[in-house]
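Residue-level structural notes
Spelled out, the chains give:
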Amino acid sequence: EACPMTKQKTRSNLSVQYMTRIAILGALSAVLFPLEIPIVAFYKLDFSTLPALLGAFSMGPLPGLAILLIKDLSRLAYSSSMYVGELADFIMSAAFILPASLIYRKHKTRKTALVGMLCMIVVSVLVNWKMMIPFYMTAFNMDMEAIIGMAQKALPFVDTEWKVLLYVTAPFNLLKGVVLCVLTYVIYKPLSPLLHVRK
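Summary of the structure given here. Not measured: the values here are computed from a predicted model. Numbers given to residues run from 1 along each chain, matching the order in which its sequence is written. Reporting in this predicted model follows two pLDDT cut-offs: at least 70 for local features of residues, and 80 or more for side-chain atom pairs to be given and counted; totals over whole chains, interfaces and linings ignore these cut-offs and use all residues. Note: side-chain values were computed over all heavy atoms of the structure, leaving out hydrogens and water.

**Quick word on the environment of threonine 169**
- Comment: elements are numbered from the N terminus, with helices defined as DSSP H or I runs of at least four residues and strands as E runs of at least two. Along the chain, threonine 169 falls in helix H7 (residues 161-195).
- Exposure categories follow from relative accessible area, calculated using a 1.4 Å probe and restricted to protein chains: below 20% of the type maximum is buried, above 50% is exposed, and the middle band is partly exposed. A residue is classified by how much of its surface remains accessible, and threonine 169, at 0% relative accessible area, is buried.
- With 18 residues separating them in the primary sequence, threonine 169 and alanine 151 have C-alpha atoms 10.0 Å apart.
- In contact with threonine 169, not counting residues within four places along its chain, are Tyr43, Ser124, Val125, Asn128 and Val164. Contacts are assigned to residue pairs that have any heavy atoms within 4.5 Å of one another.

**A few points about the nonpolar core**
- Put simply, buried Ala, Val, Leu, Ile, Met, Phe, Trp, Tyr and Cys residues joined by side-chain atoms within 4.5 Å make one nonpolar core. Counting residues in each nonpolar core, the largest one holds 48 residues, and the members touching the most others are Phe96, Val164 and Val168.
- For this core, the secondary-structure elements that each account for two or more residues are helix H1 (4-32), strand E2 (43-46), helix H2 (50-59), helix H3 (61-74), helix H4 (84-106), helix H5 (112-139), helix H6 (144-152) and H7.
- At 10 residues, H7 tops the list of elements feeding residues into this core.
- Valine 164 has contacts with Ile133, Ile148, Ala151, Val158 and Thr169, leaving out every residue within four places of it along the chain.

**Regarding the environment of phenylalanine 57**
- With respect to the helices and strands, phenylalanine 57 occurs in helix H2.
- Sequence separation between phenylalanine 57 and tyrosine 104 is 47 residues; the distance between their C-alpha atoms is 7.0 Å.

**Some points on the packing of aromatic side chains**
- Geometry of aromatic contacts follows a simple scheme: Phe, Tyr and Trp rings, the Trp one being its six-membered ring, pair when their centres are within 6.5 Å, and the pair is stacked under 30 degrees between planes, edge-to-face over 60, tilted otherwise. Within this structure, the stated rule accounts for 2 aromatic pairs.
- An angle of 50 degrees between the planes, with centres 5.0 Å apart, marks the rings of tryptophan 129 and tryptophan 162 as tilted. Pair noted here: tryptophan 129 is in helix H5 and tryptophan 162 is in helix H7, with a separation of 33 residues, a long-range link.
- Relative accessible area serves as the criterion here: at 44%, tryptophan 162 is assigned to the partly exposed category.
- Across the ring face of tryptophan 129, the terminal group of lysine 130 is positioned such that the distance to the ring centre comes to 4.1 Å. Whether a charge lies above a ring is judged from NZ of Lys or CZ of Arg, which has to be within 6 Å of the ring centre and within 35 degrees of the ring normal.

**Concerning the packing of H4 against H7**
- Closest axis-to-axis distance for the H4/H7 pair is 13 Å, and the angle between their directions is 45 degrees. Taken together, the axes of H4 and H7 are oblique relative to one another. The interaxial crossing formed by H4 with H7 has right-handed handedness. Each of Asp89, Met92, Phe96 and Tyr104 in H4 lies in contact with H7, whose residues at this interface are Asn173, Lys176, Gly177, Leu180, Cys181 and Tyr188. Note on geometry: axes are C-alpha line fits, over the in-contact stretch for helices, and angles between N-to-C directions span 0 to 180 degrees. Small angles under 35 degrees read as roughly parallel and large ones over 145 as roughly antiparallel, with 65 to 115 read as roughly perpendicular and the rest as oblique. In this scheme the handedness of a crossing depends on how the near helix is turned from the far one: anticlockwise by less than a right angle means left-handed, clockwise means right-handed.

Set out below in structure tokens:
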């Protein structure tokens, strides 16, 4: 049996490995955050959740959340949404990462990411309904008609708030979830030796 000092040293080494990987993935996530692809209205596709997803699958849900937190805190100084966008991003990304990584720990199949994706879609609709849309209306002195008008440039049949949520918000987050799932599927296995903490 290992002596207490050896156990303490092992725990210390593990902590350093965890913190190092979390810091690196958090920094990568922060770098990816501003790289956005406009899709429709004020919805933009970014890949900044990918490092947190990789971290959650390889180290667990809490490290994944820590990576998300680093990413969103790093953007507060440059926030153009009075921190509402960063908070919304954290909530929606956490809704994706937590279910997928928790299930993956029990059943190590790539299909578990789909569960997280479905959770993110539901949460994204609620967050946009209660947080993001009211924020844009207040911050930019917009009414619902203006937001609907932005959506109608791409989808002319969208003429109510619920249609914005169902035909713009939900499909956008489905697209984001699919993109993140595909990227994770492709790169997780090759990067796995670098991501996992060696005990």
